[in-house]
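A closer look at the structure
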Amino acid sequence: MIESLDGTLRVTAPMIIANARALLEAGRRSLTSSSPPAGTAMLLDLAVVNDVDSSALSVVLAWLRTAGVRGLTLRLANPPANLISLAALYGVSELLPLA
C-alpha cells in the first residue's frame, strides 16, 4: 500500500474511498515510525497511482498535517492529473506542495 525507501514514500494502491482509511493509517505510520529528524524533506511519490477520487485529497492533506506536526517537509511527486484537477475544483491546489 505504501513503500518507504530513503526518504520517499511510494503509494502503490488506488487512492479511492474504499482504501482511504487504510491509506491514511499506513501513511501516518510511515511518517511517524521512520523517525526522521525534524527538518527532513520527504517525497510522496504517486507515480503508480491510477485511480483517484476526492478522498485522496483528504488523505494527502492529512499526511501533510502529520508531517508538519513532526517538523517534516512532504512534497508530492508524480501526482495523477485527476488529483490535480480535483484540487483545482475544490480550490485547494495551493495546499499541495508539488515537487
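The structure presented is a predicted model; accordingly, all values stated were derived computationally and were not measured.

Rules behind the numbers
- Residues numbered from 1 in each chain as written.
- Predicted model: local features only at pLDDT ≥ 70, side-chain atom pairs only at ≥ 80, totals over all residues.
- Heavy atoms only, no water.
- Pairing = 2+ DSSP bridges.
- Helix = DSSP H or I, 4+ residues; strand = E, 2+ residues; numbered from the N terminus.
- Right-handed = clockwise from strand over helix to strand, strands pointing away.
- Axes fitted to C-alpha atoms, helices over the stretch in contact; angles between N-to-C directions.
- Parallel < 35°, antiparallel > 145°, perpendicular 65-115°, else oblique.
- Contact = heavy atoms within 4.5 Å.
- Nonpolar A, V, L, I, M, F, W, Y, C, P; charged D, E, K, R; others polar.
- Salt bridge = Lys/Arg side-chain N within 4 Å of Asp/Glu carboxyl O.
- Buried < 20%, exposed > 50% of the residue type's maximum accessible area, 1.4 Å probe, protein only.
- Arc of directions from axis to C-beta.

1. A few points about the pairing of strand S4 (residues 73-77)
Taken together, the five bridges between strand S3 (residues 41-45) and S4 define a ladder with parallel strand orientation. Considered in S4, the bridge of Leu43 is made with Arg75. What joins S3 to S4 is helix H2 (residues 54-69), and the crossover it makes is right-handed.

2. Overview of the packing of H2 against helix H3 (residues 81-89)
Helix-helix packing: each pair is described by the crossing angle between the helix axes and the interaxial distance. Where H2 meets H3, the axes come as close as 9 Å, and the angle between the chain directions of the two elements is 85°. Taken together, the axes of H2 and H3 lie roughly perpendicular to each other. Facing Ser54, Ala56 and Leu57 of H2, the residues of H3 in contact are Leu83, Leu86 and Ala87. Among the residues forming the contact of H2 with H3, the class breakdown is five nonpolar, one polar and no charged.

3. With respect to the sheet that holds strand S2 (residues 8-11)
Across the sheet, which stays open at both edges, the four strands sit in the order S1-S2-S3-S4 with mixed pairing between neighbours. Bordering the open sheet on either side are strand S1 (2-5) and S4, each of which pairs with just one other strand. Averaged over all pairs of adjacent strands, the angle between strand axes in this sheet comes to 20°, irrespective of strand direction. Helix H1 (residues 20-33) rests against S1, S2 and S3 of the sheet, and its axis sits at about 15° to S1. Its contacts with the sheet put H2 on S1, S2, S3 and S4, and the angle it makes with S4 is roughly 150°.

4. Looking at the pattern of salt bridges
Scanning the entire structure with this criterion turns up three salt bridges. With its nearest N and O atoms 3.5 Å apart, the salt bridge here joins Arg10 to Glu3. Since its relative accessible area comes to 33%, Arg10 is described here as partly exposed. Between Asp45 and Arg10 there is a salt bridge whose closest N-O contact spans 3.6 Å.

5. Overview of the environment of Leu72
By secondary structure assignment, the location of Leu72 is in the loop between H2 and S4. Judged by relative accessible area, which is 8%, Leu72 ranks as buried. Between the alpha carbons of Leu72 and Pro37 there is a distance of 7.7 Å; along the sequence they are 35 residues apart. In this structure Leu72 touches Leu31, Pro36, Pro37, Thr40, Met42 and Ala67, once residues within four positions along its chain are discounted.

6. What to know about H3
Those residues of H3 not exposed but buried are Leu83, Leu86 and Ala87. Buried residues of H3 fall within an arc of 100° about the axis and therefore sit on the same side. Pointing more than 90 degrees away from the buried face of H3 are the exposed residues Ala81 and Leu89. Buried residues along H3 sit in contact with H2 and S4. A positive phi of about 75° marks Gly91, the residue just after H3.

By themselves these figures say nothing about function.
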